[in-house]
Amino acid sequence: MGEGLGEWDDPDDTSAAEPTEGGADAPELFYPNVAEFVANKLAVTYRRPLNTQGSTTWCPQWWKHAEAISRLDALWRAWEHLRLDGTTGMSVWWRDHADHHMAVLLSTDGPFKGCSPEDGHRTKLTPLPCDEPPVGLF
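Nothing here was measured: the structure is a model prediction, and the numbers come from that model. (Residues numbered from 1 in each chain as written. Predicted model: local features only at pLDDT ≥ 70, side-chain atom pairs only at ≥ 80, totals over all residues. Heavy atoms only, no water.)

K.L.:
When you look at the overall build of the protein in this model, what are you seeing that I'm missing?
P.N.:
From N to C terminus, the protein includes three helices and zero strands. The secondary structure elements of the protein, listed N-terminal to C-terminal, are α-α-α. Considering only contacts within the protein whose residues lie at least 6 apart along the sequence, 71% involve residues at least 24 apart. Carbon and sulfur atoms provide 54% of the accessible area of the protein, an area that totals close to 9300 Å². (Helix = DSSP H or I, 4+ residues; strand = E, 2+ residues; numbered from the N terminus. Contact = heavy atoms within 4.5 Å. Areas by Shrake-Rupley, 256 points an atom, 1.4 Å probe, with all protein chains shown as cover.)

This is the structure:
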């Protein structure tokens, strides 16, 4: 992935590594990385009709979108943590994490705008414009 958290452009770049998890007391991960989580948990569990002309879309190359990587990574990490709570953990994950982030990701105005479940990754959205803040403000 390029500088800044822009879109992923280099098909030969495999340098992105998963961050290592906590210390020796950290529980073992059920899914070793976000890609495994998306493919083997989220995609098979969170089923929705996809219609780019309607209200939902998806990019099968979700990993080419910086926002999607960040949101899906957050979903994976929250799931890994909350799965250990045998009482309300999964309810909290669905309510506070999955439903929120997936609504944004699947929205036709979300990060996959221009992509198609059938045709894959197509267009790149431009970054939000930012002016330099006044010197000394921060």
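There's more to say after this.
K.L.:
What is the right way to read the environment of arginine 122 from this model?
P.N.:
As for its position among the elements, arginine 122 is in the segment after helix 3 (89–106). By relative accessible area, arginine 122 is classed as exposed at 56%. Linking arginine 122 and glutamine 61, residues 61 residues apart in sequence, is a C-alpha distance of 9.7 Å. For arginine 122, the residues in contact, after removing those within four places along its chain, are Gly114 and Cys115. (Buried < 20%, exposed > 50% of the residue type's maximum accessible area, 1.4 Å probe, protein only.)

K.L.:
What is the right way to read the pattern of salt bridges from this model?
P.N.:
Close approach of charged atoms allows side chains with opposite charge to pair. Applying the stated criterion to the full structure yields six salt bridges. Between arginine 95 and aspartate 96 there is a salt bridge, with its nearest N and O atoms 2.6 Å apart. Look at aspartate 96 and you get partly exposed, because its relative accessible area is 36%. (Salt bridge = Lys/Arg side-chain N within 4 Å of Asp/Glu carboxyl O.)

K.L.:
When you look at the packing of helix 2 (residues 66–82) against helix 3 in this model, what are you seeing that I'm missing?
P.N.:
How two helices sit against one another is set out by the angle between their axes and by the gap between those axes. Their axes nearest at 10 Å, the elements helix 2 and helix 3 cross at an angle of 175°. As the angle between them shows, helix 2 and helix 3 are arranged roughly antiparallel. Residue-level inspection shows Glu67, Ala68, Arg71, Leu72, Leu75, Ala78, Trp79 and Leu82 of helix 2 in contact with helix 3, the latter providing Gly89, Met90, Val92, Trp93, His97, Ala98, His100, His101, Met102, Val104 and Leu105. Tallied by class, residues from the contact of helix 2 with helix 3 come to 13 nonpolar, four polar and two charged. (Axes fitted to C-alpha atoms, helices over the stretch in contact; angles between N-to-C directions. Parallel < 35°, antiparallel > 145°, perpendicular 65-115°, else oblique. Nonpolar A, V, L, I, M, F, W, Y, C, P; charged D, E, K, R; others polar.)

Interpretation note: all reported values are geometric properties and have no functional meaning in isolation.
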